[in-house]
Structure formats: structure tokens, C-alpha cells
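# Structural overview for review
Okay, here's what each chain looks like letter by letter:
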Amino acid sequence: KQWYQRRVRALSLSNAKTIFYADDGSAAGKLAAVKQWWDTLCLAGPGLGYFPNAKKSILLVKPQFLDSAKALFSNTNIQILTEGTRYLGAPLGSDSFRDQFVSDQVTGWCRELEELSIASETEPQASFSAYCVGLSKKWLFLMRTTPCISHLFHPLEHTIRTLFLPKTITPLFSDTHRNIFSLPARNGGIGISDPTKIADDEYARSVEATAPLSELINEQNTHITSERADRATVDLRVAKHKVLTAKRAKQQTELETASAELDPRQKRLHEELCQRGASTWVTTLPLAEHGFLLNKGEFHDAMALRYDFPIEGISHTCMCGKPNSMEHCLSCPLGGYVHLRHNQIRDLTANMLSEAGCRDITIEPHLLPITGEKFKYKTANTDDQARLDVPARGCGLTWIKPSLTSKYST
């Protein structure tokens, strides 16, 4: 910190506004002020461990000042540009340079998305996760640092809509589903936003959230007091909270708009997706060692169940003779799914009791035979072969043996 303060104070003699991000130093102002800053940096920098490299440095000026810049910086190897340049991953310069820069980036991202779509044919969950936590963050950064670029993302949205979503999720989605897909998972979506709709909003939120930092940089104060730093920290926290609140309010409005276009069955399903914890699996990384990895059939079926899409590969008629549907598959006693769900909860409970340190854990032991006992509830199982689900000893008091039963016990 002291080294950084010494470097800032050494460069404060210039009237140019200065900013450093790690080892990337920049200055803005009139040509004479920038030249003074450069000379001071070359003189004082090495003593502070900072060695300017003119060959890697760029001077960006307006076209009418090009000749003056060449004359003033003639004794350096600094590259002088008038259109624009890339600075910390974002374009800096004229509107034409900005549009060309963003268009080139979008073209590259489209190619990457095409390759990811090919991978999604065999590993849709991995491709979906790579998109959400990796690839999409590239253009999100550009949106937050560059204004007026929403119209340049149409090729990217076209690739998402016509290639990535059909191969990863389903080709049967509608415009309403596309709007729902744009919502975060907690609102029943999958977090694949339309870049043409969010670019301008992301930039506006970024400007608002970083306003306290921008103000501090523009002050160019080399002696920041602890009170000023604390005030900036509080202002930054308040700005971020305000931005997040406004963002979630807009997402809620979009949720209500999209939900209004659904039929009653789909609306009820979407309300269930918005319940707490109902969409946790969507944002979970596909880690095989933790059992979170789904094969392509499981992932496509999960998405079909999530949005009421037809599941491929199931017959139209059940073996019991009734019309086959999602609800029938989960409730038909012939298929065994009722017992499978019961047994899964039973086994999970037994494992959790074991991890909690319980002893004498058994699976579905027979109950003692009935010898004339009367029970309070009519639903009590009084058959001779009645069984508990999971009895265990040591949960709570040492000699108390709690047990778990359900209405599916036999």
C-alpha cells in the first residue's frame, strides 16, 4: 500500500487524470499534461519498481490532434492511434471502432457457441453449465463496460435460439418459453438471457453501481482519509443494493408477464418451479464425484418435466391399459415408481441417521404381532406382516429408539 501511494504521489505533479489497475497505468487529459505524466513515469517509475515500456504503450487522440501528438511524442516509441484501441478488454475510441470491435467479438462467440452446441449432443448438462458459468460471462463483461451495443448482439441471439437451445434443451420451445428461459433459475428460468434485451440495462446498472468508485477516481486525491474511504465503501454498498433491488424487481415483472401467457396447467407448474429449492439442480455443477452428473437422457427428461415438454421414447399407452402421461407414470402402481420413491426416501433417511451417529439402524423390520391392542387412529396398520421403515437407536436420548413410518409401509 505504501509503495502504491508513493507511486501515485510521484505522478501527481501532472494535470492528467491517472488510474492504475495492477501494472496497467493510464492517463487522460490534454497532450501536454499526458506528456508530462509520461516523462515523470519514465523518470520516477524504475525507482518504485515500475518500468514503462513504450513499445507496448498506446496514445489515443482525436484526429485533429494527430500531428501535434506525433510532434510531442516524437522521441518515444509510443504507438499513436486515432480510431480506438482495446483497454482492459473493452473498446475505447470512436463509435465505428466500438461497433467493429463488438461485432468481431460477437462473431468469435458465435463460433464458440456452435462448438459448444456440438458438445451438447452428447453432454448437454456439461455444455449448459459451461455456457452459464463460463462463456456467457465474456459478453456480460463487455455489456457492462460498453454503451449502446445491444443491436450488435442479434447474431449471438440467433445462434442461441436456433442452435444452442434446440440441441441442449429442446427444439419445441415457443417465444413464451424463450422469455422464461431468460429468467434466473429461482424464477423458473434457466438463466440463458437474450443478449439483445439486457445489454443496455447491464451497462446502466454497472455505471450506477460503480459511481462511488468513479467519483473517487475523478477526485485524484493522493491523500485519502479513512473517513473518505469509509464513506466510499458505504456508498458503494448502498449503490450495489439499489441496483440489485431494481434488477430483481424487473425480473419479477418479466416473470409475471411471461406467466400470464401460459395456460393454467403450465402456470401451475411454473409456480412450483419458483418455490424455494425447486430449481437448485439447474445451477448445480455437474460433478460426478458428488453424483450431480446427468447423462443426456436424464438431463433432457429433467428439462421436459420442468417445462411440460413431451418426453421422447415413451409409449402412448401404459402397460396397465390406461393412456400414458407424466402424471400416470409417477402414480401407476404397475410401473413401481411409487415404491421406488418411497424406498429412495427410506434409504436416504437411513444414511443420514448413520452419519448422525445413530446405532442399531435397520431397514423395514417387522413389528410385534397384535394381541388385542386398540389404536387411536383408524389408519394404523394392524396386519401381521406390518413393518417399520427405519428404526434407529441413539437419536436424541441414548436409550430411546425412534422410528420412521409412512403410509406406504406394509
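The coordinates are above.
Quick summary incoming for the structure in this document. If you're wondering where the values come from, they're calculated on a predicted model, not measured in any experiment.

Take the overall build of the protein chain next. Helix and strand counts for the protein chain stand at 14 helices and eight strands. Taken over C-alpha atoms, the radius of gyration comes to 31 Å for the protein chain, far larger than the 22 Å a tight globule of 410 residues would show. With the C-alpha coordinates of the protein chain rotated into their principal frame, the extents come out at 105 × 55 × 35 Å. Expressed as a percentage of its 410 residues, the buried residues of the protein chain come to 33%. Long-range contacts, defined here as pairs at least 24 residues apart, represent 55% of the contacts in the protein chain between residues at least 6 apart.

Between helix 5 (residues 124-145) and helix 12 (residues 296-307), whose axes approach to 8 Å, the crossing angle comes to 65°. Every residue of helix 12 that contacts helix 5 at Pro124, Gln125 and Phe128 is listed here: Lys296, Phe299 and His300. In terms of residue class, the contact of helix 5 with helix 12 is made up of three nonpolar, two polar and one charged.

On to the pairing of strand 1 (residues 17-21), then. Here strand 1 shows a clear split, with Thr18 and Phe20 buried on one side and none of Lys17, Ile19 and Tyr21 buried on the other. Here five bridges tie strand 1 to strand 2 (residues 24-28), and the two strands are oriented antiparallel to one another. Within strand 2, the residue paired with isoleucine 19 across the bridge is serine 26. Hairpin remark: strand 1 followed by strand 2, antiparallel, with two residues in the connecting loop; positive phi at alanine 22, about 60°.

Grouped together as the largest cluster of nonpolar side chains are 41 residues, with contacts concentrated most on Tyr131, Phe153, Leu156 and Ile190. Elements that contribute at least two residues to this core include exactly helix 4 (95-119), helix 5, helix 6 (154-168), helix 7 (175-181) and helix 12. Counting residues in each nonpolar core, the second largest holds 15 residues, with Ala33, Trp38, Ala69 and Ile78 among its members.

What follows deals with the side chain of arginine 178. Within the element layout of this structure, arginine 178 appears in helix 7. Relative accessible area serves as the criterion here: at 3%, arginine 178 is assigned to the buried category. Among the polar contacts listed, one links the side chain of arginine 178 to the backbone oxygen of isoleucine 192, at a separation of 2.8 Å. Sequence-distant contacts of arginine 178, that is, excluding residues within four places in its chain, are made with Glu157, Ile160, Arg161, Leu165, Phe173, Ile192, Ser193 and Asp194.

Under the defined criterion, the tally for this structure stands at ten aromatic pairs. What links up through ring pairs into an aromatic cluster is the set Trp109, Tyr131, Trp139 and Phe164. In this structure, lysine 35 is placed above the aromatic ring of phenylalanine 73, and the distance from its NZ or CZ to the ring centre is 5.9 Å.

Turning next to the environment of threonine 76. On the secondary structure map, threonine 76 appears in the loop between helix 3 (66-72) and strand 4 (79-81). A relative accessible area of 16% means that threonine 76 is categorised as buried. For the pair threonine 76 and alanine 54, spaced 22 residues apart in sequence, the C-alpha to C-alpha distance is 6.7 Å.

This paragraph deals with helix 6. In this model helix 6 runs 20 Å from its N-terminal to its C-terminal C-alpha over 15 residues, within 8% of the 21 Å that 1.5 Å per residue would give. At isoleucine 160, helix 6 shows its largest kink, close to 40°. Where helix 6 is concerned, the buried positions are Leu156, Glu157, Thr159, Ile160, Phe164, Leu165 and Thr168. Those residues of helix 6 that are buried are in contact with helix 4, helix 5, helix 7, helix 8 (195-209) and helix 12.

This part takes up the pattern of salt bridges. It is possible for side chains bearing opposite charge to pair when their charged atoms get close. As enumerated under the stated definition, the model contains 20 salt bridges in all. Two residues, aspartate 201 and lysine 250, come together in a salt bridge whose shortest N-O distance is 2.1 Å. Of this pair, aspartate 201 sits in helix 8 while lysine 250 sits in helix 10 (residues 226-260), and the two are 49 residues apart along the sequence. The residue arginine 228 makes a salt bridge to glutamate 219 at a minimum N-O spacing of 2.8 Å. Among the residues examined, arginine 228 registers a relative accessible area of 10% and is labelled buried. One salt-bridge network, held together by shared partners, links Arg346, Asp347, Glu364 and Arg387.

The rules behind the values
Residues numbered from 1 in each chain as written. Predicted model: local features only at pLDDT ≥ 70, side-chain atom pairs only at ≥ 80, totals over all residues. Heavy atoms only, no water. Helix = DSSP H or I, 4+ residues; strand = E, 2+ residues; numbered from the N terminus. Rg over C-alpha atoms; globule rule 2.2 N^0.38 Å. Buried < 20%, exposed > 50% of the residue type's maximum accessible area, 1.4 Å probe, protein only. Contact = heavy atoms within 4.5 Å. Axes fitted to C-alpha atoms, helices over the stretch in contact; angles between N-to-C directions. Nonpolar A, V, L, I, M, F, W, Y, C, P; charged D, E, K, R; others polar. Pairing = 2+ DSSP bridges. Core = buried A, V, L, I, M, F, W, Y, C linked by side-chain atoms within 4.5 Å. Polar contact = N/O pair within 3.5 Å; in protein donor to acceptor, adjacent residues only side chain to side chain. Phe/Tyr/Trp six-rings, centres within 6.5 Å; stacked < 30°, edge-to-face > 60°. Lys NZ or Arg CZ within 6 Å of the ring centre and 35° of its normal. Expected span 1.5 Å × (residues − 1). Bend = angle between axes of the 7 residues up to and from the residue. Salt bridge = Lys/Arg side-chain N within 4 Å of Asp/Glu carboxyl O.

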